[in-house]
Structures are given as C-alpha cells and as structure tokens.
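# Results of the structural survey
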Amino acid sequence: MKHDANPYASPRHASGGFLRRPGFHVTLVSSKWLYRCLQVEAPIEAVIEYRGRGIGELVTVNGVAMCRMMDLWWFAQLFEFDLETDQAPLPVQVRVRVNLLLRIRGFQLWMDGKMVYEEGRI
C-alpha cells in the first residue's frame with residue numbers, strides 16, 4: 001500500500017487532478033471605518049484585511065500586501081490576486097463598494113469562484 005508524503009493532502013481524481021475544494025469558513029474579526037478584517041479557517045488558514053484609509057487602498061493576507069490600488073478620484077471596486085497553496089493557486093477577489101459618506105456599503109470575498117463572505121450590497 002502506497003502512502004502519500006502528506007496525510008492531509010486533498011484527495012485526487014483518477015486523472016490526477018484535485019477534487020473540488022470543500023466549503024470555506026470565514027468570520028468577520030473587525031469592522032471599522034474603511035477597514036475589514038476576515039479570518040478564513042477552512043480549507044486554508046489566513047487573515048485577510050482591507051484598508052481603505054490613507055494613501056490608496058490595500059489588501060493584505062497574513063500581513064503581506066497582495067494588492068494595492070491608488071485612484072485619485074474614487075475607491076477601487078475590485079481587487080484580484082492568487083494565493084499560493086500546496087495544491088494550486090487559489091484565485092481570490094475582494095469586492096468593495098463605498099458610498100458618498102465614505103462608508104463601506106458592500107463588501108464581498110470570493111475564493112475559488114465562490115462568494116464566501118458578503119456584507120451589504122455591491
């Protein structure tokens with residue numbers, strides 16, 4: 001019987017590709033003016049932060065800058081990047097909508113093509 005080097009590795013199809021990722025578990029950790037902090041607990045562990053204050057906007061994962069936008073007229077609405085995992089890159093989107101009173105009107109986190117967190121309306 002052959003054993004994988006990683007006993008926690010995701011199961012594979014007979015073709016060698018990974019099975020579809022299981023559901024995500026995301027929790028809002030902090031919600032402040034133009035700031036959100038989310039804890040992703042499954043199937044990866046990460047802290048994702050959106051910071052809209054200061055010069056430009058910034059999205060970080062575990063404290064590492066993943067996407068930075070500087071728009072002189074208004075806030076960006078979409079941040080896209082890939083998270084490297086032991087399986088394959090995981091596509092991530094952070095969607096933000098800010099109203100005229102400079103408050104977050106809508107906030108979404110998409111991972112692997114699925115919306116895993118939603119607040120308000122985009």
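So, a few notes on the structure that sits alongside this text. For clarity, every value in this text was computed on a predicted model and none was experimentally measured. (Residues numbered from 1 in each chain as written. Predicted model: local features only at pLDDT ≥ 70, side-chain atom pairs only at ≥ 80, totals over all residues. Heavy atoms only, no water.)

## Here's the deal with a nonpolar patch on the surface
In plain terms, the rule: Patch membership requires more than 30% relative accessible area and the absence of a salt bridge. Residues of like charge join within 9 Å; the nonpolar side chains Val, Leu, Ile, Met, Phe, Trp and Tyr join within 5 Å. To be clear on the numbers: accessible area is Shrake-Rupley with a 1.4 Å probe, and residue cover counts the displayed protein chains and nothing else. Salt-bridge detection follows one rule: a side-chain nitrogen of Lys or Arg within 4 Å of a carboxyl oxygen of Asp or Glu. Secondary structure elements follow DSSP: runs of H or I no shorter than four residues count as helices, runs of E no shorter than two count as strands, and numbering proceeds from the N terminus. Only protein chains enter the area calculation, which uses a 1.4 Å probe; residues under 20% of their type maximum are buried, those over 50% are exposed, and those in between are partly exposed.
Residues Trp33, Trp73, Trp74, Leu100 and Leu102 make up a contiguous nonpolar surface patch of about 660 Å² in total accessible area. Mapped onto the elements, leucine 100 comes out in the loop between β7 (90–98) and β8 (104–111). Judged by its relative accessible area of 78%, leucine 100 is exposed.

## Notes on the sheet that holds β8
Two orientations exist for strands paired in a sheet by backbone hydrogen bonds: parallel and antiparallel. Convention followed: In short, DSSP must find at least two bridges between two strands for them to pair. Structural elements are reduced to axes, namely lines fitted to C-alpha atoms, with helices fitted over the stretch in contact, and the angle between N-to-C directions of any two is expressed from 0 to 180 degrees.
What the 4 strands build is an open sheet, ordered β6-β7-β8-β9; its pairing is antiparallel. Since the sheet does not close on itself, it has two edges, and those belong to β6 (78–83) and β9 (114–120), each with one partner. Across the sheet, the axes of successive neighbouring strands diverge by a mean angle of 10°, strand direction being ignored. Of the pairings in the sheet, the one linking β6 to β7 comprises 6 bridges and is antiparallel in character. When the bridges of β7 are listed, glutamate 80 appears paired with glutamine 93.

## Some words on unusual backbone geometry
The phi dihedral of asparagine 62 falls on the positive side, at around 55°, and the residue is not glycine. Among the structural elements, asparagine 62 can be located in the loop between β4 (57–61) and β5 (64–69). Phi at aspartate 112 is positive, roughly 55°, even though this residue is not glycine. Residue class for aspartate 112 comes out buried when judged on its relative accessible area of 18%.

## Quick notes on the sheet that holds strand β3 (residues 46–51)
In space, the 5 strands of this open sheet follow the order β1-β2-β3-β4-β5, with antiparallel pairing throughout. Of all strands in the sheet, those with a lone pairing partner are β1 (25–32) and β5, marking the two edges. Adjacent strand axes in the sheet meet at a mean angle of 15° when their direction is disregarded. Where β1 meets strand β2 (residues 35–42), 7 bridges bridge the pair, whose relative direction is antiparallel. Bridged to leucine 28 within β2 is leucine 38.

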